[in-house]
Amino acid sequence: MINRVVLIGRLTKDVELRYTQSGVAVGSFNLAVQRPFKNADGERESDFINAVIWRKAAENFANFTGKGALVAIEGRLQTRNYENNAGQRVYVTEVAVDNFSLLESKSESEHRRQQNGSSNSQQRKQQQSTANPFSSNNGDIDISDSDLPF
């Protein structure tokens, strides 16, 4: 049997690093992976894939990456389930990461984030000059960075 997954993508937010009761590190993250083809509008769509990494690798991954970092991961696809507080069975499919590679330096990643931040602020200024069609009173919509997939 073969169960191997190799993905290259960008972290949608910082790795969520936690520790089990026995002190084992576990990191959870979401990876945005572009599809290799364009949709009918000529744009590339992305898949958002959940992943989990364990032990020292989880600590290293969390310490050396951040939101928007370009990474490669290798692992296996796994499914698990649990019962939530409402008593419903919840099924989770995720990549259990065995290996990872950082595909850009931290300075490249930070430089790209700063460029995106400045272009985002310029876009916001332009958008503020027009009425917002999604707001009930044509005011601003409050969206934080954590709501965005990148």
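Procedures and definitions
Sequence positions are assigned chain by chain, starting from 1 and proceeding in written order. Owing to the predicted nature of the model, reporting of local features is limited to residues with pLDDT of at least 70; listing and counting of side-chain atom pairs is limited to 80 or more, with chain, interface and lining totals taken over all residues. Side-chain metrics in this entry use all non-hydrogen atoms of the structure; hydrogen atoms and water are not considered. Segments assigned H or I by DSSP are reported as helices when at least four residues long, segments assigned E as strands when at least two residues long, and all are numbered from the N terminus. Per-residue accessibility, obtained with a 1.4 Å probe over protein chains only, is compared with the maximum for each type, and a residue is labelled buried under 20%, exposed over 50%, and partly exposed between these values. A contact between two residues is defined here by any heavy atoms of the two lying within 4.5 Å. Using a 1.4 Å probe, accessible areas were evaluated by the Shrake-Rupley method; residue-level cover was limited to the displayed protein chains. What is meant by a nonpolar core is a set of buried Ala, Val, Leu, Ile, Met, Phe, Trp, Tyr and Cys residues, joined one to another through side-chain atoms within 4.5 Å. Stacked, tilted and edge-to-face are the three classes assigned to paired rings of Phe, Tyr and Trp, where Trp is represented by its six-membered ring and a pair needs centres within 6.5 Å; plane angles under 30 degrees give stacked, over 60 edge-to-face, the rest tilted. For this analysis, a salt bridge means a side-chain nitrogen from Lys or Arg found within 4 Å of a carboxyl oxygen belonging to Asp or Glu. By the criterion applied in these results, polar contacts are pairs of N or O atoms within 3.5 Å in which, for protein atoms, one can donate a hydrogen and the other can accept it, and in which residues neighboring in sequence qualify only through two side-chain atoms. Any two strands are treated as partners once DSSP identifies two or more bridges connecting them. Summarising the geometry, the arc corresponds to the directions from the helix axis toward the C-beta atoms. On a scale of 0 to 100, pLDDT captures the predictor's confidence in every residue.

Along the backbone of the protein there are two helices and six strands. Counting across all 150 residues of the protein, residues that qualify as buried make up 26%. Restricting to contacts in the protein with at least 6 residues of sequence separation, those with at least 24 account for 57%. Carbon and sulfur atoms provide 47% of the accessible area of the protein, an area that totals close to 10,800 Å².

Bringing the nonpolar core into the picture now. If you look at the biggest cluster of nonpolar residues, it comprises 18 residues, and the most contacted ones within it are L11, F29 and I73. Only β1 (5-11), β3 (25-38), β4 (44-54), α1 (55-64), β5 (70-83) and β6 (89-102) provide two or more residues apiece to this core. Per-element accounting of this core gives the leading share, four residues, to β3.

Taken as a whole, this structure holds two aromatic pairs when the rule is applied. Between F29 and F61 the ring centres are 4.7 Å apart and the planes differ by 40°, which places this aromatic pair in the tilted class. Of this pair, F29 sits in strand β3 while F61 sits in helix α1, and the two are 32 residues apart along the sequence. No difference in accessibility class separates F29 from F61, as the two residues are buried. Under the relative-accessibility criterion, F61 is labelled buried at 0%.

Summed over the entire model, instances satisfying the criterion amount to 10 salt bridges. One connected set of salt bridges, linked through shared partners, spans R4, E74, R76 and D98.

To continue, consider the side chain of T65. Examined against the element boundaries, T65 turns out to sit in the loop between α1 and β5. T65 sits in the buried class, given a relative accessible area of 14%. Within the structure, the side chain of T65 is placed 2.5 Å from the backbone oxygen of F61, a separation counted as a polar contact.

The next thing to look at is the pairing of β6. Pairing analysis gives two bridges linking β4 to β6, with the strands arranged parallel. Across the sheet, the residue bridging to A51 is V95, located in β6. Note: β5 against β6, 13 bridges, orientation antiparallel. From the neighbouring strand, E74 faces β6, where its bridge partner is N99. Counting the residues that bridge the hairpin from β5 to β6 gives five residues, and of these G87 lies at a positive phi of roughly 80°.

The next point concerns α1. Residues of α1 that are buried include every one of A58, F61 and A62, and no others. Along the long axis of α1, the arc covered by the buried residues comes to 95°, so they all point the same way. Away from its buried face, by an angle of more than 90 degrees, α1 presents the exposed residues K56, N63 and F64. The inward-facing, buried residues of α1 contact β1, β2 (16-19), β3, β4, β5 and β6.

In this section: the confidence of the model for the protein. Low pLDDT means the predicted atomic positions in that stretch should not be read closely. Per-residue confidence for the protein gives a mean pLDDT of 82, with 73% of residues at or over 70. When pLDDT is averaged over each helix and strand of the protein, the minimum, 60, is found for helix α2 (residues 106-128) and the maximum, 96, for β1. For the stretch residues 127-133, pLDDT sits under 50, and the model shows four contacts to residues farther than four places along the chain or on other chains.

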